[in-house]
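# Summary of the model geometry
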Amino acid sequence: MSSRYWRQNRKAKASVALGVLLLGLSTVFLIVAPQLQQGLGKTVGTATFVAAAGSAMALGNSLIQFLSWWRKRGAPAPAPTSADIGKAKDILAGMVTQQWRDETILRSLCDPEPMPLPWRSTERRELVDHPEIIAKGTVAFPGLDVHIADMAHNFRALRCRRLVVLGGPGTGKTTLAVQLVLELLRTRQPEEPVPVLVSAARWDDRTCPQLQDWLAASLAMDYPALRAEGLGPDIPETLVARGEVLPVIDGLDELPAHARADMLAGLNRSMYDTDQLILTCRTAQFAESVREISDVLTATAVIEPQPMTPAAAADYLTACLPPVPHARWPRVLEALRAGTVPALSEVTSTSLGLWLVRATYIAPRANPTPLLELGRGSAAELHDHLCDQLIPALISARPPAEAHPFRPQHAWSAEQVGRWLTYLSQQLTRSVEDPRDMAWWHLARHTPCRPVRLWASVAIGVVVGLAFTLLTGMPLAGVWTGLLSALVVMIMIGSWFTESPGHADFQLRGRLTELLPVLRDGLIVGALGAIVGWLMASPLGGTKVGLEAARDIGLLSGVGFVVVLSLIRWVERPTTAATARSPRSTWQADRNLTVIRIVSGLVVGLMGGAIGLKAQLSPSLAIVGGLLLGLLFGLMLGRHHAWLAYTLTIPRLATRGRMPLRAMDFLDDAHRLGLLRTEGPYYQFRHIELQHHLARGRYETHGEEPRPPS
């Protein structure tokens, strides 16, 4: 909490300093204005007027932020009520259910039935706590092919309801975690915690050293409805602190070795006896971390999958085949049952291998003869063959259909999809901090941003300079105006490439009282603008001119502050939907927020143009100049410019063949094809093995190495 206040204090002080600087610059401009007045006429007076109004708005905004921080810095936040907690749990349960039901359909996890992979308690005694601590009587999870409802029942029978799911690559750990989440939600009682699946790869022990901090931050980002005003303050933190969330942490093995050990040790330190947990990890990595900390997870059952028998795999594939399959399928299934294709038996002993066979040969109704030929060789060669055939097979089996919710919406060639996914997989492989999650706003980090910023600032500077030259007929002034605009844009957009997306929240219920401080602050800023106008104009023009300047600058400052700065701050939120976030919804929400800021800036620009008309400027200079300044003002406002950074970056990636211009459409279709999955606002490769296979490079990418934004 103290660190957050420190950051707010620093931002408030920096904002005050910026406002004072702008006011100083406008004052200097006023001092030199009489010397320029003879050559430039009313243009200087109007520019001085606009600079003064903008400075007053900036300084007033800064002072109000600083006073707000000062007033709230010691005030304790009210605690959420029991009704708030219950309502928040119901909202969270609904959002998690919606999220993973859609993923279950896209992944065909229950079509025609769940994969018959049996799970049992591990036989490696060094990885599990004492049996009498884990459960009363015998430890649950016998080595049987049980239904997911039985798995949930066995989980609830555990003393502390803690479970670790181990297994090798592609053995269905994540699939089991998703199915457990949905079953626990379906049968959840009001007093039970809400299961929430989160990726361990997103945990950064440097920013969130405590697991509870990371889990609360994940809830706030992935489920923004928990930040609704009606639920009370700090609901995500409260839910986690009270044990109302059952963390289902997927992919512990994806963390570095030291981070895995730190997380296991941290779990033992931070869990109360009533805290519940589900964790998935590869067996070898989990054993390594247990050895490193010289301890096991307290009171936690540990289960592993048994290899699927060839007969069970053949039965599952038979259930997936159409009523009249390809003529070669009986021979393939007979060989699988008889054990004459050892490579095929090994590959189909895991859920990943079964899915690859189904996706590459059953879904597109392809000739399965290669399964017989490669099935007698090595499992590695057969696995690589299936991965190579996966993208063409999925594209062939799932042609575009605009009205279908689970089919791609656009036509892409297999070569394009492979090349673009290869590029993304290689970026993730190079990423030390985030090796799994792909966010659309992270695309701006995959290429150096300095050239993008340079070209954007040059383009805006040229447009502003040309417009000023055409409107005033003064080329030299146009050049300087364009250069100044380019410099401001170059500096201001530097942070865009690291910002997260936002959204506009226009909900009035429970928030009308927030508008009164907005109007109050507008009056304060207007009064400040009037004072600035009087002090700047009266020494040069006398009392009458000073009063007119005070009136006009005060009006523009106050109304501009309310319309643009305060209302934008009122509607702008750092999260992007009222339901479980998806990548597409975050993209659309941030784009809509950008449009709202631009419209607000144009409104203030029109006000400035109207005042310019009153000052007897030419209509073209007043209106066009006002709209141009308002447009720039709207673009620069706010704390969330992820969509703008994405829009500036994608053409650069597209010219290098790394991503299409319609990057969001492509990512969305890759999800619909089953190549990617979503976790909140992030995309992930459906299987880490597929990501690694592509990163090794069937499709080659060339060009500069990615560097952090500069």
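The rules we used
- The residue numbering used here restarts from 1 in each chain and proceeds along that chain's sequence as written.
- Local features are withheld for residues below a pLDDT of 70 in this predicted model, meaning they are given only at 70 or higher, and side-chain atom pairs are given and counted only at 80 or more; totals for whole chains, interfaces and linings count all residues.
- Side-chain numbers come from the whole structure's heavy atoms, not from hydrogens or water.
- A run of H or I in DSSP becomes a helix once it reaches four residues, and a run of E becomes a strand once it reaches two; helices and strands are each numbered from the N terminus.
- Buried residues are those whose accessible area, probed at 1.4 Å on protein chains only, stays under 20% of the maximum for their type, while exposed residues exceed 50% and partly exposed ones sit between those limits.
- The contact criterion used throughout is that any non-hydrogen atoms of two residues lie within 4.5 Å.
- The rule is short: rings of Phe, Tyr and Trp, with Trp giving its six-membered ring, pair when the centres are within 6.5 Å, and they are stacked under 30 degrees, edge-to-face over 60, tilted in between.
- Two conditions define a charge located above a ring, namely a distance within 6 Å from the ring centre to NZ of Lys or CZ of Arg, and an angle within 35 degrees of the ring normal.
- Any two strands are treated as partners once DSSP identifies two or more bridges connecting them.
- The term salt bridge refers to a side-chain nitrogen of Lys or Arg lying within 4 Å of a carboxyl oxygen of Asp or Glu.
- In this analysis an axis means a line fitted to C-alpha atoms, helices contributing only their contacting stretch, and an angle means the value between N-to-C directions, from 0 to 180 degrees.
- Each angle gets one of four labels, with under 35 degrees taken as roughly parallel, over 145 as roughly antiparallel, 65 to 115 as roughly perpendicular, and the rest as oblique.
- Each helix crossing is assigned a hand: it is left-handed if the near helix lies turned anticlockwise from the far helix by less than a right angle, otherwise right-handed if that turn is clockwise.
- Three residue categories are used. Nonpolar comprises Ala, Val, Leu, Ile, Met, Phe, Trp, Tyr, Cys and Pro, charged comprises Asp, Glu, Lys and Arg, and polar comprises the others, including Gly.
- Here, patches come from residues exposed beyond 30% relative accessible area and free of salt bridges, joined within 9 Å for like charges and within 5 Å for nonpolar side chains (Val, Leu, Ile, Met, Phe, Trp, Tyr).
- For the accessible areas, the method is Shrake-Rupley and the probe is 1.4 Å, while residue cover comes only from the protein chains on display.
- Known as pLDDT, the predictor's confidence for each residue is given on a scale from 0 to 100.
- Residues adjacent in sequence count toward polar contacts only when both atoms are side-chain atoms; beyond that, a polar contact is any pair of N or O atoms within 3.5 Å, and within protein one must be able to donate a hydrogen and the other to accept it.

## Some thoughts on the overall build of the protein chain
- Broken down by element type, the protein chain carries 25 helices and ten strands.
- Looking at the protein chain as a whole, 53% of its 710 residues are labelled buried.
- Partitioning the intrachain contacts of the protein chain with sequence separation of at least 6 by distance along the chain shows that 78% fall at a separation of at least 24.

## Quick notes on the packing of aromatic side chains
- Summed over all chains, the structure comprises seven aromatic pairs.
- For the ring pair Trp412 and Trp420, a centre distance of 5.6 Å and an interplane angle of 85 degrees mean the geometry is edge-to-face.
- On the basis of relative accessible area, Trp412 is assigned to the buried category, the value being 11%.
- Since its relative accessible area comes to 6%, Trp420 is described here as buried.
- Here Trp440 and Tyr646 contribute two aromatic rings whose centre-to-centre distance is 5.8 Å and whose plane-to-plane angle is 90 degrees, an arrangement assigned as edge-to-face. You can see Trp440 sitting in the loop between helix H17 (414-430) and helix H18 (449-472) and its partner Tyr646 sitting in helix H23 (residues 642-655), a full 206 residues away along the chain. When sorted by exposure, Trp440 lands in the same class as Tyr646, which is buried.
- Each residue in the set Trp440, Trp441, Trp587, Tyr646 and Tyr682 is aromatic and connected to the rest through ring pairs, giving one cluster.
- Its end group placed over the ring of Trp587, Arg584 keeps NZ or CZ at 5.4 Å from the ring centre.

## Structural notes on the pairing of strand S6 (residues 301-305)
- Within S6, five of the five residues are buried, leaving the element largely enclosed by the surrounding structure.
- A two-sided burial pattern is seen for S6, the buried positions comprising Ala301, Ile303 and Pro305 on one face and Val302 and Glu304 on the other.
- Relative to S6, strand S1 (residues 119-121) runs antiparallel, the two being bridged by three bridges. Note on S6: the bridge partner recorded for Ser121 is Ile303.

## Quick look at the pattern of salt bridges
- By the definition in use, this model includes 16 salt bridges.
- Linking Arg186 and Glu183 is a salt bridge whose minimum nitrogen-to-oxygen distance equals 2.7 Å. Of this pair, Arg186 and Glu183 both sit in helix H6 (residues 173-186), three residues apart, which is roughly one turn of that helix.
- Residue Arg186 is classed as exposed on the basis of its relative accessible area of 61%.
- According to the relative accessible area criterion, Glu183 is buried, its value standing at 10%.
- In this structure, Asp668 and Arg672 form a salt bridge, with 3.3 Å as the shortest nitrogen-oxygen distance. Of this pair, Asp668 and Arg672 both sit in helix H24 (residues 663-673), four residues apart, which is roughly one turn of that helix. The two residues Asp668 and Arg672 agree in class, both being buried.

## Considerations on the sheet that holds strand S5 (residues 277-282)
- Across the sheet, six strands lie side by side as S1-S6-S2-S5-S4-S3; this open sheet has mixed pairing. Edge strands, defined here as strands with exactly one partner in the open sheet, are S1 and strand S3 (194-199). Neighbour to neighbour, the strand axes of the sheet diverge by 20 degrees on average, direction disregarded.

## Describing the packing of helix H16 (residues 379-397) against H17
- Packing of H16 against H17 brings their axes to within 9 Å, and their N-to-C directions diverge by 130 degrees. Classified by the angle their axes make, H16 and H17 are oblique. In this structure, H16 meets H17 at a crossing whose hand is right-handed. Contact residues: Ile391, Pro392 and Ile395 in H16; Ala414, Val417, Gly418 and Leu421 in H17.
- Grouping the constituent residues of the contact of H16 with H17 by class yields six nonpolar, one polar and no charged.

## A word on the pairing of strand S9 (residues 676-679)
- In S9, alternate side chains face the same way, and those of Leu676 and Thr678 on one face and Arg677 and Glu679 on the other are all buried.
- Two strands pair when backbone bridges link them, and S9 and strand S10 (residues 682-685) are joined in this way by four bridges, in the antiparallel orientation. Within the sheet, the bridge partner assigned to Glu679 lies in S10 and is Tyr682.

## Some remarks on the environment of Phe633
- With respect to the element layout, Phe633 can be found in helix H22 (residues 619-636).
- Placed 32 residues apart in sequence, Phe633 and Gly601 show a C-alpha to C-alpha distance of 5.6 Å.

## What about a nonpolar patch on the surface?
- On the surface, Leu484, Leu487, Val488, Ile491 and Met492 cluster together into a nonpolar patch covering about 490 Å² of accessible area.
- Position of Ile491 among the secondary structure elements: in helix H19 (residues 475-492).
- Residue Ile491 is classed as exposed on the basis of its relative accessible area, which comes to 60%.

## A short note on the confidence of the model for the protein chain
- Confidence in the prediction for the protein chain averages 77 pLDDT; 72% of positions are at 70 or higher.
- Confidence over residues 1-14 falls short of pLDDT 50; this stretch has 13 contacts with residues more than four positions distant or in other chains.
- Every residue in residues 28-45 scores below 50 in pLDDT, and together they form 22 contacts with partners more than four places removed in sequence or on other chains.

## Quick look at the side chain of Asp253
- If you trace the backbone, Asp253 turns up in the loop between strand S4 (245-250) and helix H9 (257-270).
- Among the polar contacts made by the side chain of Asp253, one reaches the main-chain amide nitrogen of Arg282 at a distance of 3.1 Å.
- What Asp253 contacts, discounting residues up to four positions off in sequence, is Arg260, Cys281, Arg282 and Gln285.

## Notes on the packing of helix H11 (residues 310-320) against helix H12 (residues 329-338)
- For the pair H11 and H12, the least separation of the axes is 7 Å and the interaxial angle reads 160 degrees. Our classification of the angle between H11 and H12 gives roughly antiparallel. The two elements H11 and H12 cross, and the hand of that crossing is left-handed. Of H12, the residues touching H11 (which contributes Pro310, Ala311, Ala313, Ala314, Asp315, Leu317 and Thr318) are Leu333, Leu336 and Arg337.
- Its residues assigned to classes, the contact of H11 with H12 shows seven nonpolar, one polar and two charged.

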